[in-house]
Amino acid sequence: MKRRSFLAGGAVGLAGLAGLGRPATPWVAATRNRQTLVIRHGTLYDGTGGPPRTGDIAVDGDRIAAVGEVAATGAVEIDARGMAVAPGFIDIHSHADLSLLVNPRAESRVRQGVTLEVVGQDGSSIGPWSDAGFESTRDRYRRDFDVEIDFRDVGGFLDRIDRERPAVSVASMVGHGTIRGLVVGAADRPATASEIDRMRALVRDALARGAVGLSTGLEYTPGSFATRDELVALAGELRGTIYPYASHMRNEDDRLLAALEEALHVGRVAGVAVQISHLKAQGERNHWKADAAFAAIEAARAAGVDAHFDRYPYVAYATGLSNLFPASARAGGTARFLARLADPETAPALERACRDKIALLGSWDAVQITRIGGANAAARGRRLGELAAELGEDPYDLTVRLLRDAGGSVGMIGFGMSEDNTERMLAHPLGMVCSDGGAYAPYGPLSRSSPHPRGYGSFPRVLGHYVRERAAMSLESAVHKMSSLPARKLGLRDRGVLREGAVADIVVFDPDTVRDRATFDDPHQYPDGVAHVVVSGVHTIRDGEQTGELGGRAVRGQGRAARGRNPSGN
Ligand SMILES: [Zn+2]
């Protein structure tokens, strides 16, 4: 009996015909009449953005063996009637990184339907570290999580992911800030020519070992100390590949458009693709800039730069509390930052800058404390204005005290974006969906903070709130932004689509009930409506629960073998 057949005449039949021209593929064993897994009668959103169609999907090993009407039975059969079936979601800007080793079940990620995390963002990657950087990370992970760090760069991290097999797959960018910290240190000065050469060699090495782009974090130290020319020089190492220069830009509020122009300039002059990280316009007085930002990105594309952006579906961002102060205040490291806050010479200017930032956000209650340890743990989850009033303390003095008591390490959420812009950015044809969040769980060590809810809810929130409730975009378009669009951006030809031969990363969700449940006040909550998640063929979520079987693996870039589409990228 023929192992599979396709519906004649309909759209499914066309998909079948498209497959006929291809040679037999090794993962379709002709003698097998039994598949690992068959998902039946689902509404298939294949990732391309085209209209859905009804059909089955067969998984054999780690690949999709057939899409259409599947005659063979599966060792596991899923009835997906009334459910949406989509490629597993790709988080193009994730901060899961080392937490995937702390809890390999990656609960808050895989339960959203995420199957591939793109980490190493905002200029910060897993190495390359100095001896001291490696030792401090190793000691901290031993002490806090009982996790042994036995690698010191992106290549070593990817090797470890392959050994550990967490619930999700992992690709990584290499971080400019990490490299600058290693080569130049924490100083606020331009790099010398020989330092630039050394940094370029480190970017080259990371690409050769599987990095899928270069990220920058230009609001953070030490990335902020780079000149535009340094960024062009380092991004130049991506030339001839498809991999993007991904930038958390120098500014996302009053100087947003200049910062965007810089990022696009880097792409244009270096001749490389650009990914603008978490595009936003902070502060009500800047909300009008969304349209100007779209126009700038579209103009860059017209001029030959393969530029896109990503965005998470919330009106608040998350960062360190120290980012209420300008990057120059943080030059030289945390100890010097805290000293400047206390020094009567420098303190007044810092206070003014901080109060200006608060004015931009609207009020002290626009800031919520997330991560804080020690004596002030009770501040976790609280708004600064409210807390200060309760304590009878000036909110600025409270901010400085919290920073000082925690050695500078305090996390915050800032409410500064507009709902309207958020919706339009998510719906824009050049926009991809990201979480910008970490991996958490409501139990164990990853439950010990009050994180931004995006780490739990981003993808279901787009599907529930922005697609179903607000009709900001079609479901097929949303799926496209979570799957084949990011896959194409990273040159991953066999991911992000439901197609015979593609890696079997699949999510089955109920389009009528899918929704995020994590909130700013109560973030540790899994979403609803995500019924099944398959990662590299491994049935990881079954009927909404983790099976405990982990299928993630490292996804390595192909270096110069993955050619760019950018005509200037040769
Ligand atoms: Zn960022």
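Anything mentioned here points back to the structure above.
A brief report on the enclosed structure follows. Note that this is a predicted model, so its numbers are computed, not measured. (Residues numbered from 1 in each chain as written. Predicted model: local features only at pLDDT ≥ 70, side-chain atom pairs only at ≥ 80, totals over all residues. Heavy atoms only, no water.)

**So, the coordination of the zinc ion**
Right, so step 1: Every protein donor of the zinc ion is listed here as Asp122 (OD), Asp122 (OD), His248 (ND1) and His278 (NE2), and their distances to the metal cover 2.0 to 2.4 Å.
Right, so step 2: Here the zinc ion is ringed by 4 donor atoms whose angles at the metal span 56 to 141°, and the overall shape comes out irregular.
Right, so step 3: Expressed as a motif, the donor residue spacing for the zinc ion is D-x125-H-x29-H. Of the two residues, Asp122 sits in the loop between strand 8 (114-119) and helix 4 (131-145) while His248 sits in strand 12 (residues 245-248), which places them 126 residues apart along the sequence. Taken individually, Asp122 and His248 each receive the classification buried, so the pair is uniform in this respect. (Donors = N, O, S within 2.8 Å, 3.2 Å for Na, K, Ca; no water. Tetrahedral: all angles 85-135°; square planar, octahedral: opposite > 155°, others 65-115°. Helix = DSSP H or I, 4+ residues; strand = E, 2+ residues; numbered from the N terminus. Buried < 20%, exposed > 50% of the residue type's maximum accessible area, 1.4 Å probe, protein only.)

**Here's the deal with the sheet that holds strand 17 (residues 411-415)**
Right, so step 1: On the basis of which strands lie adjacent, the open sheet formed by 3 strands has the order 15-17-16 and antiparallel pairing. The sheet is open, and its two borders are formed by strand 15 (316-320) and strand 16 (367-369), each paired with just one other strand. The average undirected angle you get between the axes of adjacent strands in this sheet is 25°.
Right, so step 2: Examined bridge by bridge, strand 15 and strand 17 share 5 bridges and lie antiparallel to one another. Bridge pairing in strand 17 places Tyr317 opposite Gly414. (Pairing = 2+ DSSP bridges. Axes fitted to C-alpha atoms, helices over the stretch in contact; angles between N-to-C directions.)

**Remarks on helix 15 (residues 419-427)**
Right, so step 1: When helix 15 is considered as a whole, its buried residues turn out to be Asn421, Thr422, Glu423, Met425 and Leu426.
Right, so step 2: Buried positions along helix 15 lie against helix 10 (289-302), strand 14 (307-311), strand 18 (431-433), helix 16 (454-469) and helix 17 (475-482). (Contact = heavy atoms within 4.5 Å.)

**Here's the deal with the pairing of strand 6 (residues 84-87)**
Looking down a regular strand, the side chains alternate between one sheet face and the other.
Right, so step 1: With 2 bridges joining them, strand 2 (residues 34-44) and strand 6 adopt parallel strand pairing. Its bridge partner being in strand 6, Leu44 is matched across the sheet by Val85.
Right, so step 2: Bridge count between strand 6 and strand 19 (residues 506-509): 4 bridges; the pairing is antiparallel. Within strand 19, the position partnered with Ala84 by the bridge is Phe509.

**Structural notes on the packing of helix 15 against helix 16**
Right, so step 1: Remark: helix 15 packs on helix 16, axes separated minimally by 12 Å, with the N-to-C direction vectors making an angle of 115°. The orientation of helix 15 relative to helix 16 falls into the category roughly perpendicular. With respect to the hand of their crossing, helix 15 and helix 16 are arranged in left-handed fashion. Contacts between helix 15 and helix 16 involve Glu419, Thr422, Glu423 and Leu426 from the first element and Arg461, Val462, His465 and Tyr466 from the second.
Right, so step 2: The residue inventory of the contact of helix 15 with helix 16, partitioned by class, reads 3 nonpolar, 2 polar and 3 charged. (Parallel < 35°, antiparallel > 145°, perpendicular 65-115°, else oblique. Left-handed = near helix turned anticlockwise from the far one by under 90°. Nonpolar A, V, L, I, M, F, W, Y, C, P; charged D, E, K, R; others polar.)

Fair warning: the whole summary comes from geometry, so function is off the table for now.
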